[in-house]
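Secondary and tertiary structure notes
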Amino acid sequence: MKNILEINNVTKFYKNSVKALENVNLNIKEGEIFALLGPNGAGKSTLINSICGIVNFNTGTIKINNMDIVKNYRTTRKITGIVPQELNLESFETVWNNVNYSRGLFGKKPDHNYIEKLLKQLSLWDKKDNKIKELSGGMKRRVLIAKALSHQPKLLFLDEPTASVDVELRKDMWDVVKKLNKDGVTIILTTHYIEEAEELSDRVAVINDGKIILVDEKDKLIKKLGEKTIKIELFESVKKINGNLSKYNFTLDQTNKIISHTYNLNSNTTDITELLNDLKKDGYKIKDINTEQSSLEEIFIKLIQENNNELVRN
Amino acid sequence: MNWYGIKAIYIHEMERFRRTLFQSLASPIITTSLYFVVFGSAIGSRITEIDGINYGSYIVPGMIMLTILTQSISNASFAFYFPRFTNTIYEILAAPLSSFEIVLGFVGAAASKSLIIGCVIILTANFFVDVRIDHPLLMMFFLILTSITFALFGFIIGMYAEGFEGLQIIPILIITPLVFLGGSFYSINMLPEFWQKISLLNPVLYLISGFRYSFYEVSDVSLLTSTLTILTILIGCIIFITYTFSKGYRIKD
């Protein structure tokens, strides 16, 4: 699949010399949902704003559909849409005017049929004549999405799309995002809800302190970095860890009946077979076995902690 | 050119004017009427004529210029500062619009509003005094050029202002005094020689003088000087805006 977005060595300093982005390199494939994860202040929004032309970056190049976004800003911006993190809307304007205004800004001829279809798709049609100030937070978020889609972009940036919305609306938003992607829109979303990235994305990048520290397919990332824990429940409690069992680094629960043993999926060998054999040799009978895999959230926390420790060391 | 984009900004701004039409028109009409009552009646009873023109009629071009200048500046500065304040500017910056097109949309709308108000004031003035326009085309030329120039100036204020208070400082502290001291309500020939020379340093004097010429064929300075002055301010504003946009200063920081 071809790259719709190519970011090469992008660096951005703010006026107070704060380095917001440092040598960022990233390629986004056409048709994917890409999640950009990072803690607050990591540079997620700055990166998106740089791509969309909202802030200037200092060095490097950004290409959309193989066209430089600075030299060919008219062509590249026409196919790009952005949903900002904050609910930035003109409170005294109606939903209808707001969305049509956005379409006009992006150089598109008025198309009331398309806007009607879009508002219906986002469950906003019955609110079209309402002023923005009369809408709930969730509705405002939908208006922002409608505005971003008003000019039919091919590449959509969602900056924290479900920040401060309730669980039900979050699920609704996820459905909207999935539907858009199914219709052919490439989506890049920033989030610090790992659950969101896990639910929606094909690939994930982790950004910290302005640097991309990891890019991978979500499933591979979970598999590669993910630790698994096997929990073995015994009929009788473990009295003493000695002999065969002393070589394993497992933990016991309060009843001394459940053994938790962590191993990495990526390693060539695991010692699960040996552990089970040794338990059998020592006369323990197994009641139940189950495994738990680390979530993207745990991986994310681990990565950020490692990166922060490295930054402190340097 | 992104004509749809320019049109979107223009219509969006004019829509705001329509929503607040009463406030937008009531304020200049009331102010003009008050000027006629205070200056026209009170002072006019003592100064009957200037350069052979009835005093009430003489001050009409100055009053229009005062309103055009302040309205152009406040309309454009507010129009551009407001999306900065509400952060809705993100979509203007993300749109396929050049800086020229953005300025054209905002300044075009601000200048149009001022022109409408200017025309309303001419009509209002007719209720109080006889208004004669000897050179209507020249009058329109000055009116349009001044509206555009000071809308550009207002746009600069909108780009640099850090708060709503900032939008008011230059109009209140600089523009209004310059208009009052620029011969809006008198001819500089009525001043002592020293103050006449000082008045010539005031660029607004040249605008009012040229504008008054288009009404009554009387002026304090030559028509050419007036035209060159307004064109110089216009070019200065364009250069300043172009430079600011090219650097992204205060907009794309």
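If you're wondering where the values come from, they're calculated on a predicted model, not measured in any experiment.

Contact residues are listed per partner, giving 30 residues for chain A and 30 residues for chain B. The junction of chain A with chain B conceals about 2,700 Å² of combined surface from both sides, 54% of it contributed by carbon and sulfur atoms. In terms of surface lost to chain B, no three residues of chain A exceed Glu90, Tyr101 and Leu105 of chain A, which account for 25% of the buried area on that side. Linking chain A with chain B are four salt bridges, by the criterion used here. At the junction of chain A with chain B, the criterion picks out ten residue pairs in polar contact (both at pLDDT 80 or more).

On to the packing of aromatic side chains. The relation between two aromatic rings is expressed through the spacing of the ring centres and the mutual angle of the planes. Counting across every chain of the model gives 18 aromatic pairs over all chains. On the basis of an interplanar angle of 35° and a centroid distance of 4.4 Å, the ring pair of Phe80 of chain B and Phe155 of chain B is categorised as tilted. Of this pair, Phe80 of chain B sits in helix H3 (residues 55-86) while Phe155 of chain B sits in helix H6 (residues 136-160), and the two are 75 residues apart along the sequence. Phe155 of chain B shares its class with Phe80 of chain B; the two are buried. An aromatic cluster is built from Phe78, Tyr81, Phe82, Phe85 and Phe164 of chain B, whose rings are joined through pairwise contacts. Looking at Lys120 of chain A, its charged tip hangs above the ring of Trp125 of chain A, at a distance of 5.2 Å from the centre.

Below, the discussion takes up the side chain of Thr88 of chain B. Of note, Thr88 of chain B is situated in the loop between H3 and helix H4 (89-94). Overall, the relative accessible area of 8% leaves Thr88 of chain B in the buried class. Beyond its immediate stretch of four places on either side in the chain, Thr88 of chain B contacts Asn88, Leu89 and Glu90 of chain A together with Pro83 of chain B.

A few words now on the sheet that holds strand E8 (residues 186-191) of chain A. Residue and element names in this part refer to chain A. Here six strands make up an open sheet; going across it, the order is E6-E7-E8-E3-E9-E10 and the pairing mixed. In this open sheet, the two edge strands, each paired with only one partner strand, are strand E6 (80-83) and strand E10 (211-217). Each neighbouring strand pair of the sheet contributes to a mean axis angle of 15°, computed without reference to strand direction. Contacting E6 and strand E7 (155-159), helix H5 (residues 137-149) crosses the sheet at an angle of about 170° to E6.

Our focus in this paragraph is the packing of H3 of chain B against helix H7 (residues 164-180) of chain B. All names here are of chain B. At a minimum axis separation of 10 Å, H3 and H7 run at an interaxial angle of 170°. The orientation of H3 relative to H7 falls into the category roughly antiparallel. Between H3 and H7 lies a crossing of right-handed hand. On H7, the residues that touch Leu66, Leu69, Thr70, Ile73, Ser77, Phe78, Tyr81, Phe82 and Phe85 of H3 are Phe164, Leu167, Pro171, Ile175, Thr176, Val179 and Phe180. Of the residues contributing to the contact of H3 with H7, the split by class is 13 nonpolar, three polar and no charged.

So, about the packing of helix H1 (residues 3-19) of chain B against helix H5 (residues 99-128) of chain B. Residues and elements named next belong to chain B. For the pair H1 and H5, the least separation of the axes is 8 Å and the interaxial angle reads 35°. Viewed along their axes, H1 and H5 form a crossing whose handedness is right-handed. Residues Ile6, Ile9, Tyr10, Glu13, Met14 and Phe17 of H1 pack against Glu101, Ile102, Leu104, Gly105, Phe106, Gly108, Ala109, Ser112, Lys113, Ile116 and Ile117 of H5.

Here the focus is the environment of Lys7 of chain B. Residues and elements named next belong to chain B. Looking at the element boundaries, Lys7 is found in helix H1. The class for Lys7 is partly exposed, based on a relative accessible area of 44%. On a C-alpha basis, the gap between Lys7 and Gly105 in space is 6.7 Å, while along the polypeptide they are 98 residues apart.

All names here are of chain A. Structurally, Glu310 is set in helix H10 (residues 296-313). Relative accessible area serves as the criterion here: at 42%, Glu310 is assigned to the partly exposed category. Sequence-wise, Glu310 and Asn242 are 68 residues apart; in three dimensions their C-alpha atoms are separated by 37 Å.

So, about the nonpolar core. Core analysis: the largest hydrophobic core is formed by 149 residues, its most contacted members being Leu5 of chain A together with Phe155 of chain B. At 15 residues, H3 of chain B tops the list of elements feeding residues into this core. Discounting residues that sit within four places of it in the chain, Phe155 of chain B has contacts with Ala76, Ser77, Phe80, Ile102, Val103, Phe106, Val107, Ile241 and Phe245 of chain B. Of all hydrophobic cores here, the second largest spans 13 residues; its members include Val238, Tyr248, Phe250 and Tyr263 of chain A.

As a further point, take helix H4 (residues 112-121) of chain A. Residues that lie three or four places apart on an α-helix share one face, since the helix turns once every 3.6 residues. All names here are of chain A. Residues Tyr114, Ile115, Leu118 and Leu119 constitute the buried set of H4. Burial along H4 is one-sided: seen end-on, the buried residues are contained in an arc of 130°. Turned more than 90 degrees away from the buried face of H4 sit Asn113 and Lys117, all of them exposed. The secondary structure elements touched by the buried residues of H4 are helix H3 (95-105) and H5. Ser123 sits one or two residues past H4 and shows a positive phi near 55°.

This paragraph deals with a nonpolar patch on the surface. Residue and element names in this part refer to chain B. A cluster of nonpolar side chains, contributed by Leu224, Leu228, Leu231, Ile235 and Ile239, occupies part of the molecular surface with about 480 Å² of accessible area. Mapped onto the elements, Ile235 comes out in helix H10 (residues 223-247). Residue Ile235 is classed as partly exposed on the basis of its relative accessible area, which comes to 48%.

The rules behind these values
- Residues numbered from 1 in each chain as written.
- Chains lettered and ligands numbered in written order.
- Predicted model: local features only at pLDDT ≥ 70, side-chain atom pairs only at ≥ 80, totals over all residues.
- Heavy atoms only, no water.
- Contact = heavy atoms within 4.5 Å.
- Buried area = accessible area lost by both parts, 1.4 Å probe.
- Salt bridge = Lys/Arg side-chain N within 4 Å of Asp/Glu carboxyl O.
- Polar contact = N/O pair within 3.5 Å; in protein donor to acceptor, adjacent residues only side chain to side chain.
- Phe/Tyr/Trp six-rings, centres within 6.5 Å; stacked < 30°, edge-to-face > 60°.
- Helix = DSSP H or I, 4+ residues; strand = E, 2+ residues; numbered from the N terminus.
- Buried < 20%, exposed > 50% of the residue type's maximum accessible area, 1.4 Å probe, protein only.
- Lys NZ or Arg CZ within 6 Å of the ring centre and 35° of its normal.
- Pairing = 2+ DSSP bridges.
- Axes fitted to C-alpha atoms, helices over the stretch in contact; angles between N-to-C directions.
- Parallel < 35°, antiparallel > 145°, perpendicular 65-115°, else oblique.
- Left-handed = near helix turned anticlockwise from the far one by under 90°.
- Nonpolar A, V, L, I, M, F, W, Y, C, P; charged D, E, K, R; others polar.
- Core = buried A, V, L, I, M, F, W, Y, C linked by side-chain atoms within 4.5 Å.
- Arc of directions from axis to C-beta.
- Patch = residues over 30% accessible without salt bridge, like charges linked within 9 Å, V, L, I, M, F, W, Y side chains within 5 Å.
- Areas by Shrake-Rupley, 256 points an atom, 1.4 Å probe, with all protein chains shown as cover.

In short, shape yes, function no, at least from these values alone.
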